[in-house]
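Below, each chain spelled out in residue letters.
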Amino acid sequence: MARPDKAAAVAELTDEFRESNGAVLTEYRGLTVAQLKQLRVALGDDVNYAVVKNTLTKIAAKDAGVDSFDSLLEGPSAIAFIKGDPVVAAKGLRDFAKANPMLVIKGGVLDGKALGSDEISKLADLESREVLLAKLAGAMKAAPQQAVSLFAAPLSQAARLFAALQDKLPADAAPAAVQDEVQDTVEAPAEASTEETAAADS
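The text that follows walks through the structure, step by step, so that each part is easy to find. Residues take numbers from 1 onward in each chain, read along the sequence in its written order. A pLDDT threshold of at least 70 governs which residues receive local features in this predicted model, and a stricter bar of 80 or more applies before side-chain atom pairs are shown or counted, although totals over entire chains, interfaces and linings include all residues. Water and hydrogen atoms were dropped before computing side-chain values, which therefore reflect all heavy atoms in the structure.

## Some words on the overall build of the protein chain
The secondary structure listing takes helices from DSSP runs of H or I that are at least 4 residues long and strands from runs of E that are at least 2 residues long, numbered from the N terminus. For the protein chain, the count of helices and strands is 8 helices and 5 strands. Walking the protein chain from its N terminus toward its C terminus, one meets helices and strands in the order α-β-α-β-α-β-α-β-β-α-α-α-α. For the protein chain, the share of sequence-separated contacts (at least 6 apart) that also reach a separation of at least 24 residues comes to 77%. Residue-level accessible areas treat just the shown protein chains as cover; the underlying method is Shrake-Rupley with a 1.4 Å probe. Accessible surface, the protein chain: about 12,100 Å² in total, of which carbon and sulfur atoms supply 55%. Note on contacts: a residue pair qualifies if any of its non-hydrogen atoms lie within 4.5 Å across the two residues.

So, in structure tokens, the structure goes:
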């Protein structure tokens, strides 16, 4: 490769590192061109899976402030540059590697933090951002319906309904404000009852 071409390749790789929120280094020895194409399709539009030259990648990574790949850049290397949800990309790489053991996940970087291959596997086990948002939206939609039921329920049923609401919504998805609102509803009738008792005594 001529020097101008090398400089252009390094500049392109440097931009990929800087513009991506994550990158996963793999070794693809033994995979066919058709399999690599299949992997690119599986990873989707938010991931650029690029076959790279180790010497040029070391220079580009250094220029971009990434030093975690230096000791891993051996053998036929390709990098998945992630511009979307890193969990989705990690799942795609893990699932493809299970079906095609010749793909080896060597390590990665996410938001500047170095990741080992085991950490990338753990990342793949997480729920995607889309799934988490869907759960949160479902929780927020369900909460007002439960709150209306509480307003209409007798005081004797309030505690039971509040417990059911907590069981129905995931603990990490239920907004604190919803729980506060429901708690206020449980407490309000008790306050009203105290006032009525005082009025009756007078």
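From this point on, the discussion continues.
## Things to note about the pairing of strand β5 (residues 113–116)
A regular strand places its side chains on the two faces of the sheet in alternate fashion. In short, DSSP must find at least two bridges between two strands for them to pair. Sheet topology note: the strand β4 (residues 104–110)/β5 ladder contains 4 bridges and is antiparallel. For G107, the partnering residue across the bridge sits in β5 and is G116. The hairpin turn running from β4 into β5, its antiparallel successor, is 2 residues long, and D111 in that turn takes a positive phi close to 50°.

## A short note on the sheet that holds β4
The strand order across the open sheet built from 5 strands is β2-β3-β1-β4-β5, with neighbouring strands paired in antiparallel fashion. A strand with exactly one partner marks an edge of an open sheet, and here the two such strands are β2 (47–52) and β5. The sheet shows a mean angle of 20° between the axes of neighbouring strands, taken without regard to direction. Fitted lines through C-alpha atoms serve as axes, helices being fitted only where they are in contact, and the angles separating the N-to-C directions of these axes extend from 0 to 180 degrees.

## Quick look at helix α3 (residues 54–63)
Of all the positions in α3, only N54, L56, T57, A60 and A61 are classed as buried. One side of α3 holds all its buried residues, which, seen down the axis, span an arc of 155°. Exposed and facing more than 90 degrees away from the buried side of α3 are T55 and K62. Each element contacted by the buried residues of α3 is listed here: α1 (3–19), β2 and β3 (77–82). Just downstream of α3, G65 is the residue with a positive phi angle, here 85°. For the exposure calls, accessible area comes from a 1.4 Å probe over protein chains only, and a residue counts as buried if that area is under 20% of its type's maximum, exposed if over 50%, partly exposed in between. The arc refers to the directions leading from the helix axis to the C-beta atoms.

## Observations concerning the environment of A23
The residue A23 is located in strand β1 (residues 22–27) in this model. Residue A23 is classed as buried on the basis of its relative accessible area, which comes to 3%. The spacing of A23 and V109 is 86 residues in sequence and 5.4 Å in space, taken between C-alpha atoms. Those residues in contact with A23 that sit more than four places away from it in its chain are F17, F69, I79, A80, F81, I82, G107, G108 and V109.

## Considerations on the packing of α1 against α3
Interhelical geometry of α1 versus α3 gives an angle of 50° and a closest axis separation of 8 Å. In terms of their interaxial angle, α1 and α3 are classed as oblique. Like other packed secondary-structure pairs, α1 and α3 cross with a definite hand, here right-handed. Residues K6, A9, V10, L13, T14, F17 and R18 of α1 form the contact with α3, whose participating residues are L56, T57, I59, A60, A61 and D63. Amino acids outside the nonpolar list (Ala, Val, Leu, Ile, Met, Phe, Trp, Tyr, Cys, Pro) and the charged list (Asp, Glu, Lys, Arg) are all regarded as polar, and Gly is one of them. The residue makeup of the contact of α1 with α3, split by class, is 8 nonpolar, 2 polar and 3 charged. Roughly parallel covers angles under 35 degrees, roughly antiparallel covers those over 145, roughly perpendicular covers 65 to 115, and oblique covers all other angles. When the near helix sits turned anticlockwise from the far one by under a right angle, the crossing is termed left-handed; a clockwise turn instead gives a right-handed crossing.

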